[in-house]
Amino acid sequence: MTDAITLCNVQKSFGALQVISGVDLVIQSEERHALIGPNGAGKSTLFNIISGRTEPSQGSISLFGAPIQGLAPHRIARRGLSRSFQITHLFPKLTVQETLEAALLWPGGTHYAFWRTMRSLPRVRSDAREMAELLSLDAVIDVRVSELPYADQRALEIGVAVCGDAKVVLLDEPTAGMSHAETERMTDLIRRVTQGRTLIMVEHDMGVVFDLADRISVLAGGRIIATGTPSEIRGNAAVKEAYLGEAEGEAE
Ligand SMILES: Nc1ncnc2c1ncn2[C@@H]1O[C@H](COP(=O)(O)OP(=O)(O)OP(=O)(O)O)[C@@H](O)[C@H]1O
């Protein structure tokens, strides 16, 4: 199995505050990997480093063996790494169909080639319809983003992230603010749309994490204190002490 993401001695300081203190991590191709840890552990910072939004102070990051640190986020995206956008990044006036078509045209750079874009339109239309079905949004395909219920907007956001050629998908708290039923629907949806792709997600809902992830990394104080399968992580004494006892208690 090939490595999708490799982090080697990644460090990040904001002024005198060291937030990431030497992270080494290998995430394999087609693995679903969850990043968990207490508030302020550095999860979002690490996420931002992987997607190119934050430059590490030290260390290297590779995507399928090629170094990506220092590249702008859109260049990293062109190499097949996609990050979920918050709802505010969706265009409220576009319909579901139009949003997915735009997302399909964007990653391959087709927006730069007008004639190629025109020729590829019928294909893009049918691919967008297929994606809407996969997201269970086919019933609302002609509804504008601004009129969609919250859970449908989040589903669309994930659809946009995986459209096109995304081989590695980063999802930031995909079930935040959802009811139990919406969370279940979202978990199923994520499983479906990430089939055959690599998923890295930050998620506070331990039910979702243990249900979806093949492996979990626990971040505490800017370091990875454990990486393993859900059962390995559940049984890890250091993790229980640093985080899990508290987090699972909260979830009950
Ligand atoms: N741009 C910044 N400038 C200064 N400090 C920052 C910056 N971004 C993050 N931090 C600090 O880095 C630490 C880690 O923050 P981060 O958001 O990565 O943690 P987290 O694990 O994602 O937390 P949460 O679960 O609460 O979202 C915190 O102490 C935070 O205040």
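Refer to the structure above for everything that follows.
Analysis parameters
Residues numbered from 1 in each chain as written. Predicted model: local features only at pLDDT ≥ 70, side-chain atom pairs only at ≥ 80, totals over all residues. Heavy atoms only, no water. Helix = DSSP H or I, 4+ residues; strand = E, 2+ residues; numbered from the N terminus. Buried < 20%, exposed > 50% of the residue type's maximum accessible area, 1.4 Å probe, protein only. Areas by Shrake-Rupley, 256 points an atom, 1.4 Å probe, with all protein chains shown as cover. Core = buried A, V, L, I, M, F, W, Y, C linked by side-chain atoms within 4.5 Å. Contact = heavy atoms within 4.5 Å. Expected span 1.5 Å × (residues − 1). Near = heavy atom within 4 Å. Polar contact = N/O pair within 3.5 Å; in protein donor to acceptor, adjacent residues only side chain to side chain. Phe/Tyr/Trp six-rings, centres within 6.5 Å; stacked < 30°, edge-to-face > 60°. Lys NZ or Arg CZ within 6 Å of the ring centre and 35° of its normal. Pairing = 2+ DSSP bridges. Axes fitted to C-alpha atoms, helices over the stretch in contact; angles between N-to-C directions.

A. Examining the overall build of the chain more closely. The helix and strand tally for the chain stands at nine helices and 10 strands. For the chain, the proportion of its 252 residues judged to be buried stands at 48%. Carbon and sulfur atoms make up 51% of the accessible area of the chain, which totals about 12,300 Å².

B. The arrangement of the nonpolar core in detail. Counting residues in hydrophobic clusters, the biggest one holds 48 residues, and the most contacted among them are Val-96, Leu-100, Leu-156 and Ile-216. Looking at this core, the element that brings in the most residues is helix 5 (residues 150-162), giving six residues. Excluding residues that lie within four positions of it along the chain, Ile-216 makes contacts with His-33, Ala-34, Ile-36, Val-209, Phe-210, Ala-226, Thr-227, Gly-228, Pro-230 and Ile-233. Counting residues in hydrophobic clusters, the runner-up holds 25 residues, among them Ala-4, Phe-47, Ile-76 and Leu-170.

C. Local environment of helix 5. The terminal C-alpha atoms of helix 5 lie 19 Å apart, and with 13 residues this matches the ideal 18 Å at 1.5 Å per residue to within 8%. Counting buried positions along helix 5 yields 11 of 13 residues, so the element is predominantly enclosed. Turning to helix 5, its buried residues are Ala-151, Asp-152, Gln-153, Arg-154, Ala-155, Leu-156, Glu-157, Ile-158, Gly-159, Ala-161 and Val-162. Following helix 5 by one or two positions, Gly-164 adopts a phi angle in the positive range, close to 75°.

D. Examining helix 3 (residues 96-105) more closely. Helix 3 sits mainly inside the fold: eight of its 10 residues count as buried. Taken together, the buried positions of helix 3 are occupied by Val-96, Gln-97, Thr-99, Leu-100, Glu-101, Ala-103, Leu-104 and Leu-105.

E. Local environment of the site of the ligand. Surveying the vicinity of the ligand reveals the residues Phe-14, Val-19, Pro-38, Asn-39, Gly-40, Ala-41, Gly-42, Lys-43, Ser-44, Thr-45 and His-204. With respect to the ligand, the backbone of Gly-40 contributes an N or O atom lying 2.9 Å from an oxygen atom. Between the ligand and the protein, one listed contact pairs an oxygen atom with a side-chain N or O atom of His-204 at 3.3 Å. About the coverage of the ligand: the protein hides 57% of its 630 Å² of free accessible area. Among the elements that take part in the shell around the ligand, helix 1 (residues 43-51) stands out by supplying three residues, more than any other.

F. Structural detail: the packing of aromatic side chains. Taken as a whole and judged by the stated rule, the model has zero aromatic pairs. The positively charged end of Arg-234 is found above the aromatic ring belonging to Phe-210, 4.2 Å away from the centroid.

G. How the structure looks around the sheet that holds strand 1 (residues 3-14). Strand order in the open sheet formed by four strands is 2-1-4-5, with antiparallel pairing between adjacent strands. The open sheet has two edge strands with one neighbour each: strand 2 (17-28) and strand 5 (66-67). The pairing of strand 4 (residues 58-63) with strand 5 spans two bridges and is classified as antiparallel. Pairing of Leu-63 across the sheet is with Ala-66, part of strand 5. Of the strands in this sheet, strand 1, strand 2 and strand 4 touch helix 1, which is tilted by about 120° from strand 1.

H. Local environment of unusual backbone geometry. Phi angles above zero are rare outside glycine, and Asn-9 is one such case at about 50°. Looking at where Asn-9 falls in the secondary structure, it is placed in strand 1. Since its relative accessible area comes to 32%, Asn-9 is described here as partly exposed. Unlike most non-glycine residues, Glu-30 shows phi in positive territory, near 70°.

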